[in-house]
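Chain by chain, the residues:
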Amino acid sequence: MTRTLADWPYPKVMAHRCGGALGPENTLVGLDMCVMAGCGGVEFDVMLSADGMPFVIHDETLERTTNGSGRVCDMNAASLMQLDAGAKHHRAFAGEPLPRFSEVIARCHVLNLAANIEIKPAEGFDVDTGEATARFAAIGWRDAKVPPLLSSFSEIALNAAAQVAPQLPRGVLVDRVPVDWEARCERLGAVSLHTNGRYLDGATARAIKAAGYRLAVYTENDPEQAHRMFAWGVDTIFTDRPDRVRADSP
Ligand code: G3P
Ligand code: MG
């Protein structure tokens, strides 16, 4: 059965983790950098604090991207809101906060950015994270023309999100395209498959498109390779270099 959104409202190029490599990942200033690079959409990761507040962060632990330590899911929102998520990228970004999902939603609206929200549950929190992310997204984009696209490596989280906000489009997120990709998409009522571009080939891309699904690829930073992928029918590329990879790349 064809699941394709009749109209795929997402840009061909979307910045990975808010601003890609142009700013500190998964931050508000990253969203600004994305816009300054001329890019109209972003992917980012949502994880819950210990008290259930959704934050935008990739790792389960704080050390790599913030001045905190320990696990995100062990800290309350009040403590996470004190952290610096900019200085590890460059001292020029010192003072940049670790953003709550609600702040990123607001900034996406101000900047008119389309969003792919990756639900990123800490281990054991798949259902809670899926539900909370979907609840915030449904309210945050209630009157928006372009709904956010929800995706996750966790089928449990994506399914939980579907129960809470069935109206929001979903993408199945995988590393290599698995043999049962179509069954997975079908099971989750997904409109798209999101896969690691490193392992994708033209024949697989064309098969996914021929089955009626949209296809998104992460994380491609080479304009020539992006051009090749668009020729295979890839709908959207997530990149750390939204200043280089363009819809008409190279
Ligand atoms: O959603 C695409 C991509 O972000 C998945 O990988 O590890 O960067 O979240 P990761
Ligand atoms: Mg991600």
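The residue numbering used here restarts from 1 in each chain and proceeds along that chain's sequence as written. All chains are assigned letters beginning at A, and all ligands numbers beginning at 1, according to the order in which they are written. The predicted origin of the model limits local features to residues at a pLDDT of at least 70 and limits the giving and counting of side-chain atom pairs to 80 or more, whereas totals for whole chains, interfaces and linings rest on all residues. For the side-chain quantities, the full set of heavy atoms in the structure was used; hydrogens and water were omitted.

Participant: Would you explain the coordination of the magnesium ion (ligand 2) in this entry?
Facilitator: Any two of four tetrahedral donors ideally make an angle of 109.5 degrees at the metal, while pairs among six octahedral donors ideally make 90 or 180 degrees. Every protein donor of the magnesium ion (ligand 2) is listed here as Glu43 (OE), Asp45 (OD) and Glu118 (OE), and their distances to the metal cover 2.0 to 2.2 Å. Only nitrogen, oxygen and sulfur atoms qualify as donors, provided they sit within 2.8 Å of the metal or within 3.2 Å for Na, K and Ca; with water excluded from the atoms, sites may seem incomplete. Read in sequence order, the donor residues coordinating the magnesium ion (ligand 2) give the pattern E-x1-D-x72-E. Here Asp45, found in strand 2 (residues 41–48), pairs with Glu118, found in strand 4 (residues 114–119); they are 73 residues apart in sequence, far enough to count as distant. With relative accessibility at 0%, the residue Asp45 sits in the buried group. Looking at Glu118, the relative accessible area reads 5%, which means it is buried. The numbering of helices and of strands both runs from the N terminus, where a helix is a DSSP run of H or I of at least 4 residues and a strand a run of E of at least 2. Burial classification: accessible surface area is computed with a 1.4 Å probe over protein chains only, and a residue below 20% of its type maximum counts as buried, one above 50% as exposed, and the rest as partly exposed.

Participant: Could you clarify how one ought to interpret the pairing of strand 5 (residues 149–152) in this entry?
Facilitator: Within a regular strand, the side chains alternate between the two sheet faces. Across the two faces of strand 5 the burial is the same, with Leu149 and Ser151 and Leu150 and Ser152 all buried. Here strand 4 runs beside strand 5; their pairing, made up of 3 bridges, is parallel. Of the residues in strand 5, the one forming a bridge with Ile117 is Leu150. For a crossover, the right-handed case is the one in which the path from the first strand over the helix to the second runs clockwise, viewed with the strands pointing away from the viewer. With respect to chirality, the unit in which strand 4 leads through helix 4 (residues 126–140) into the neighbouring parallel strand 5 is right-handed. Examined bridge by bridge, strand 5 and strand 6 (residues 170–173) share 3 bridges and lie parallel to one another. Bridge pairing in strand 6 places Ser152 opposite Val172. Remark: the strand 5/helix 5 (residues 155–164)/strand 6 crossover connection has right-handed handedness. Strand pairing is assigned whenever DSSP detects at least two bridges linking the two strands.

Participant: Explain unusual backbone geometry to me, please; I cannot follow it from the model alone.
Facilitator: Trans is the prevailing form of peptide bonds, just as negative phi is the prevailing case for residues other than glycine. A cis geometry characterises the amide bond from Tyr218 onward to Thr219, with omega recorded as -25°. Positive phi values are uncommon outside glycine, yet Cys18 reaches one of about 80°. Relative to the helices and strands, Cys18 is located in the loop between strand 1 (13–15) and helix 1 (28–36). For Cys18, a relative accessible area of 0% gives the class buried. One non-glycine residue, Asn112, adopts positive backbone phi at about 60°. In this fold, Asn112 is placed in the loop between helix 3 (101–111) and strand 4. For Asn112, a relative accessible area of 66% translates into the label exposed.

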